[in-house]
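Structure assessment
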Amino acid sequence: MKSLAPILVAVLTVPMLALVPVLRAQDEKPAANSDTTTEKSTKASEPAPPPDSTTQGTIDLGGQHIAYTAIAGTITVGATDTDDAQLGPEGNPLPGSQLALAVPKEPADAPPVAHMFYVAYFKAGANAEDRPITFFYNGGPGSSTMWLHMGSLGPKYVETAGDTHLPGAPYKLIDNPDCLLDVSDEVFIDMPGTGFGRLAGKDAGKAFWGVDQDAEAFARFIARFLVKYGRWNSPKFLFGESYGTTRSAVLADVLENEKSVDLNGVMLLGQIFSFPMATGGPRPGMDLPYELALPTYAATAWYHKKLSPQPAALEPFLKEVENYAMGEYMHALAEGNKLSDAEKQSVAEKLHEYTGLPVEYLIKADLRVTASEFEKTFDDPEGMTTGRYDTRFLGPTLDPLSEGSEYDPQSAAISSAYFSLVNLYLRQNLKYGAGQTYLPHALFDGVGWNMTRTGGSGFRSALGLNVSADLAEAMKTNPRLKVLLNDGYYDLATPFFAAEYEEEHLPIPASLTKNIEYDWYEAGHMAYVRDECRKLLHDRVAAFIKSADSAQ
């Protein structure tokens, strides 16, 4: 879920546990004797991350009674391929390796590592080679994966019916009839430095917090997971949400072209590949973000019945708005200062008809309204701010005089329930995390996220990050790779029309466009928070996995 404007998620003021050192300081120099070196490297790696926890569960899905094994734990990865290759299965330096022979005096000077937390669900009795496995992760950048884990296709979900702020605790954690275990094993991965995962070593934040660094860490995690659980020959899928879709584009490219791991499919929810197309602020001369956001503004006005006359059905109305956005509206904005007052008045009246925003406001805004401005202004007469992640949600405006929104009502409405229940579920049900702090977001502590894509074929310029070429490269080097795009009509963080535009402009041959499937939901950024949409998400993802698996 969290967050794309500003680009980095706001850091929560949760006390951070002391980082677990990978290598303990040693005063003496490394001994030449191999036994002494082995003993020393073992001592240097203490204390180790907590052991994995294995529990059993059952769930009823579509007439099937499925028994499953749940494993919660950490996998340790190095910050480079060279360092990672010198780590053993438990994350300690291999005896005789350069890492083991060059133990620094201070733990903080050790090479950086990430202990990445995960929860895996395996269907009991399934043949690994016939059983797909799907890797899930959220975005941010900086978010843990508690949102997907506790809300989407896992064995449990947090009840979030409706479009208003949830009542206070106790919250409800429910067996999920839309769990994906009927067709795939599942692995929910927290990005480095979140969940129960921790970073250690010198400059660990810089080593793992960035577009390239993050994707490489996930690739190493997946490779180690495949080794640990013997899943190299299983059909493999990625499922990323929000910045997790950005990660998926780069990760797919890394796996396909650096790690020799062919994927069967990539599933995207709340997609953003091109950050310059985000509607987060004024960019003179760049009008495409306004045009691509207009259908979401219109969907919001339709949902809240702000239109007169009110269109009978949403989807035909949105097709009309999309055509206007890429036709007359695009032409008017392209005219710039040459647009006459009469033409501006006409466009403003049409935008009012589609969005409910006042004509005078639209003219004052020069026909260009950012997402934040829309959220603040849409229901301003009632003193309400509109949700960013899900515009179905409204909440009292914090500052009536502000130009843009100052918080997200949807996040405020559900975050406490998710954070409360992930803590309860992991500790009570999965028996993991005693004495530890679960971090819903990375504590960046002054270390910024490196938004530069330096590897692969990613777009690199002053305009900003665009990873479209990375997914395109993965699809071209693996022409069997399938892509499923899922987006909500009420998502202003990553508007659905912008996501469709990105996919339709991937630099791929026409023959590969058939590998992309589009599915839309009457929900927001987190389509699964609405019960009907969570069921649709399961059905479409399950069908996609079956189709992509059988197509190999």
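This text goes with the structure placed above it.
Residues numbered from 1 in each chain as written. Predicted model: local features only at pLDDT ≥ 70, side-chain atom pairs only at ≥ 80, totals over all residues. Heavy atoms only, no water.

1. Details of the pattern of salt bridges
- Counted by the stated rule, this structure contains 27 salt bridges.
- Of the charged contacts in the structure, one is a salt bridge between aspartate 366 and lysine 344, with a shortest N-O distance of 2.9 Å. Of the two residues, aspartate 366 sits in the loop between α11 (359-364) and α12 (371-377) while lysine 344 sits in helix α10 (residues 341-355), which places them 22 residues apart along the sequence.
- Aspartate 380 serves as the salt-bridge partner of lysine 376, at 3.0 Å between the closest nitrogen and oxygen.
- Aspartate 380 gets classed as partly exposed once you look at its relative accessible area, which sits at 31%. (Salt bridge = Lys/Arg side-chain N within 4 Å of Asp/Glu carboxyl O. Helix = DSSP H or I, 4+ residues; strand = E, 2+ residues; numbered from the N terminus. Buried < 20%, exposed > 50% of the residue type's maximum accessible area, 1.4 Å probe, protein only.)

2. Remarks on the side chain of aspartate 390
- In this fold, aspartate 390 is placed in the loop between β11 (384-386) and β12 (394-396).
- A distance of 2.9 Å separates polar atoms of two side chains, one belonging to aspartate 390 and the other to arginine 392.
- A polar atom in the side chain of aspartate 390 sits 3.3 Å from the backbone nitrogen of glycine 524.
- Residue contacts for aspartate 390: discarding those within four places in its chain leaves Gln410, Tyr490, Ala523, Gly524 and Val529. (Polar contact = N/O pair within 3.5 Å; in protein donor to acceptor, adjacent residues only side chain to side chain. Contact = heavy atoms within 4.5 Å.)

3. Comments concerning the packing of aromatic side chains
- Under the definition given, this model contains 33 aromatic pairs.
- Seen from their ring centres, tyrosine 118 and phenylalanine 225 are 5.8 Å apart, and the 90° between their planes marks the pair as edge-to-face. With a gap of 107 residues between them, tyrosine 118 in strand β3 (residues 113-123) and phenylalanine 225 in helix α6 (residues 211-228) connect regions that are remote in the sequence. Here tyrosine 118 matches phenylalanine 225 in class, with each residue buried.
- Its guanidinium or amino end placed over the ring of phenylalanine 378, lysine 306 lies 5.8 Å from that ring's centre, counting from NZ or CZ.
- The ring of tyrosine 389 is capped by arginine 388, whose NZ or CZ atom sits 5.4 Å from the centre of that ring. (Phe/Tyr/Trp six-rings, centres within 6.5 Å; stacked < 30°, edge-to-face > 60°. Lys NZ or Arg CZ within 6 Å of the ring centre and 35° of its normal.)

These values are about where atoms sit, not about what they do.
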